[in-house]
Amino acid sequence: MKSELFSQYALHWAGGFLLIYVLAQLLVAKHPRFQFLSAIQKSILVKLIAISGFGLAYVFVQFLASWR
């Protein structure tokens, strides 16, 4: 049995997280709802949105993979 150090999809997941992080950054920077927040609050909010968005995307993809 061949053992791999990384999953063959590791770079895809890393790229997906980077995309979600950039989208969260743009959302917080441009949306008027978040304009009243301080810089540190915006930074924390971006991280929370990115991590939760990535978690939801991961669960959704794993669900679709197991359903198929």
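Please read these numbers as outputs of a predicted model, since none were measured by experiment.

J.: Residues and numbers for the overall build of the protein, please.
T.: Scanning the protein for helices and strands turns up two helices and zero strands. Here the C-alpha coordinates of the protein stretch approximately 55 × 25 × 15 Å along the principal axes. Burial analysis of the protein (68 residues in total) assigns 9% to the buried set. Taking contacts inside the protein between residues at least 6 apart in sequence as the whole, the part at least 24 apart equals 53%. Total accessible area computed for the protein in this model is approximately 6000 Å², and 72% of it derives from carbon and sulfur atoms.

J.: So what's going on with the nonpolar core? Residues and values would help.
T.: Nonpolar side chains in soluble globular proteins tend to end up buried together. One finds Ala24, Val28, Phe34, Leu37, Val46 and Ala50 forming the largest nonpolar core, which totals six residues. When residues of this core are traced back to their parent elements, those giving at least two are α1 (10-30) and α2 (39-67). Not counting residues within four places of it along the chain, the set of residues in contact with Ala50 comprises Phe17, Ile20, Tyr21 and Ala24.

J.: Please provide a residue-by-residue account of the packing of aromatic side chains, values included.
T.: Within this structure, the stated rule accounts for four aromatic pairs. Between Phe17 and Tyr21, the ring centres sit 6.3 Å apart and the planes meet at 35°, which makes this aromatic pair tilted. A residue pair is termed a helical-turn pair when its members lie 3 or 4 positions apart in one helix, as Phe17 and Tyr21 do in helix α1 at four residues. Judged by relative accessible area, Phe17 falls into the partly exposed class, the value being 31%. We classify Tyr21 as partly exposed; its relative accessible area is 27%. With 5.4 Å between their ring centres and 90° between their planes, Phe17 and Phe54 make a pair best called edge-to-face. Of this pair, Phe17 sits in helix α1 while Phe54 sits in helix α2, placing them 37 residues apart in sequence.

J.: Hey, could you go over a nonpolar patch on the surface for me, with residue numbers and the actual values?
T.: Residues Leu18, Leu19, Val22, Leu23 and Leu26 make up a contiguous nonpolar surface patch of about 470 Å² in total accessible area. Within the secondary structure, Val22 sits in helix α1.

J.: For the packing of α1 against α2, give the residues involved together with the corresponding values.
T.: With their axes 8 Å apart at the nearest point, α1 and α2 run at an angle of 140° to one another. Between α1 and α2, the angle is such that the two are oblique. Helix-helix and strand crossings are classified by hand; for α1 and α2 the assignment is right-handed. Residue composition of the contact of α1 with α2, by class: 16 nonpolar, three polar and two charged.

J.: How would you sum up the environment of Gln8? Please name residues and give values.
T.: By secondary structure assignment, the location of Gln8 is in the segment before α1. With a relative accessible area of 54%, Gln8 lands in the exposed category. Separated by 3.0 Å, the side chains of Gln8 and Tyr9 make a polar contact.

Definitions and cut-offs
Residues numbered from 1 in each chain as written. Predicted model: local features only at pLDDT ≥ 70, side-chain atom pairs only at ≥ 80, totals over all residues. Heavy atoms only, no water. Helix = DSSP H or I, 4+ residues; strand = E, 2+ residues; numbered from the N terminus. Buried < 20%, exposed > 50% of the residue type's maximum accessible area, 1.4 Å probe, protein only. Contact = heavy atoms within 4.5 Å. Areas by Shrake-Rupley, 256 points an atom, 1.4 Å probe, with all protein chains shown as cover. Core = buried A, V, L, I, M, F, W, Y, C linked by side-chain atoms within 4.5 Å. Phe/Tyr/Trp six-rings, centres within 6.5 Å; stacked < 30°, edge-to-face > 60°. Patch = residues over 30% accessible without salt bridge, like charges linked within 9 Å, V, L, I, M, F, W, Y side chains within 5 Å. Salt bridge = Lys/Arg side-chain N within 4 Å of Asp/Glu carboxyl O. Axes fitted to C-alpha atoms, helices over the stretch in contact; angles between N-to-C directions. Parallel < 35°, antiparallel > 145°, perpendicular 65-115°, else oblique. Left-handed = near helix turned anticlockwise from the far one by under 90°. Nonpolar A, V, L, I, M, F, W, Y, C, P; charged D, E, K, R; others polar. Polar contact = N/O pair within 3.5 Å; in protein donor to acceptor, adjacent residues only side chain to side chain.

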